[in-house]
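Okay, here's what each chain looks like letter by letter:
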Amino acid sequence: MKKDIENRKDIEKLVNQFYEKVKVDKTIGYFFLDVVKVNWEKHLPVMYDFWDNILFYSGHYSGNPMQQHLALHLKNPFTVKDFVQWNKLFNDTVDELFEGENADTIKQRAQSISTVMQIKMFK
Ligand code: HEM
């Protein structure tokens, strides 16, 4: 039996492992490596704050991901397939590491945000 996501350390583990998958992914990896040359030292802590806030309401994140992805979409359009793959990698990573109520919640939240992004992008 795996443990549930309990604290920020668990979030960090999840985020790190997720981006290890993202970077080598044939469908979406190039967004991070070529379209935006992501500075991982900066991006990863932002993502820890983002997910820590989504799951534990830590209040540390104050960005606007919707706006950032809309801007990115103008530069290099996303497709539905990209979002499906993003969510698959996210769910796979959660399932590899954790199970429980918070693990279920974080997957649901990721899916809802992804759905809202797609509605705004493809409307
Ligand atoms: C097609 C799927 C997606 C792709 C290819 C993608 C790609 C990216 C890229 C390239 C960045 C910029 C990183 C940087 O500036 O260094 C970014 C930032 C971010 N993404 Fe995504 N993304 C996707 C979907 C999502 C989804 C579904 C979520 C949330 C559930 C999400 C949450 C974020 C957040 C929170 C940031 C940081 C924004 C900030 O700097 O405040 N992304 N994404």
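Residues numbered from 1 in each chain as written. Predicted model: local features only at pLDDT ≥ 70, side-chain atom pairs only at ≥ 80, totals over all residues. Heavy atoms only, no water.

Some remarks on the layout of surface pockets
Each pocket or cavity is described by its volume, and for the largest pocket that value is around 740 Å³. Taken together, 26 residues form the lining of the largest pocket, with Phe32, His43, Met47, Gln68 and His69 sitting closest to its centre. Secondary structure elements with two or more residues in the lining of the largest pocket: helix 2 (29-35), helix 3 (40-56), helix 4 (65-75), helix 5 (80-97) and helix 6 (101-122). Considering each element in turn, the lining of the largest pocket owes the most residues, six residues, to helix 3. Within the lining of the largest pocket, the residues separate by chemical class into 19 nonpolar, five polar and two charged. (1 Å grid on protein atoms, 1.4 Å probe; cavity = no way out; pocket = protein on both sides within 12 Å on 5 of 7 lines; lining within 4 Å. Points joined across faces, edges and corners; volume = space filled by probe spheres on them. Helix = DSSP H or I, 4+ residues; strand = E, 2+ residues; numbered from the N terminus. Nonpolar A, V, L, I, M, F, W, Y, C, P; charged D, E, K, R; others polar.)

Some remarks on the site of the ligand
Around the ligand, the structure places 23 residues, and the nearest of them are Phe32, Tyr61, Gln68, His69 and Trp86. Note that an oxygen atom of the ligand is positioned 2.6 Å from one of the side-chain N or O atoms of Tyr61. In this structure, His69 approaches the ligand through a side-chain N or O atom, which is 2.8 Å from a nitrogen atom. Placement of the ligand is best described as lying within the largest pocket. Breaking the shell around the ligand down by element, the ones donating at least two residues are helix 2, helix 3, helix 4, helix 5 and helix 6. With five residues, the single largest contributor to the shell around the ligand is helix 3. Across the shell around the ligand, the residue classes break down as 17 nonpolar, five polar and one charged. (Near = heavy atom within 4 Å. Polar contact = N/O pair within 3.5 Å; in protein donor to acceptor, adjacent residues only side chain to side chain. Sits in = over half its atoms within 2 Å of the grid points.)

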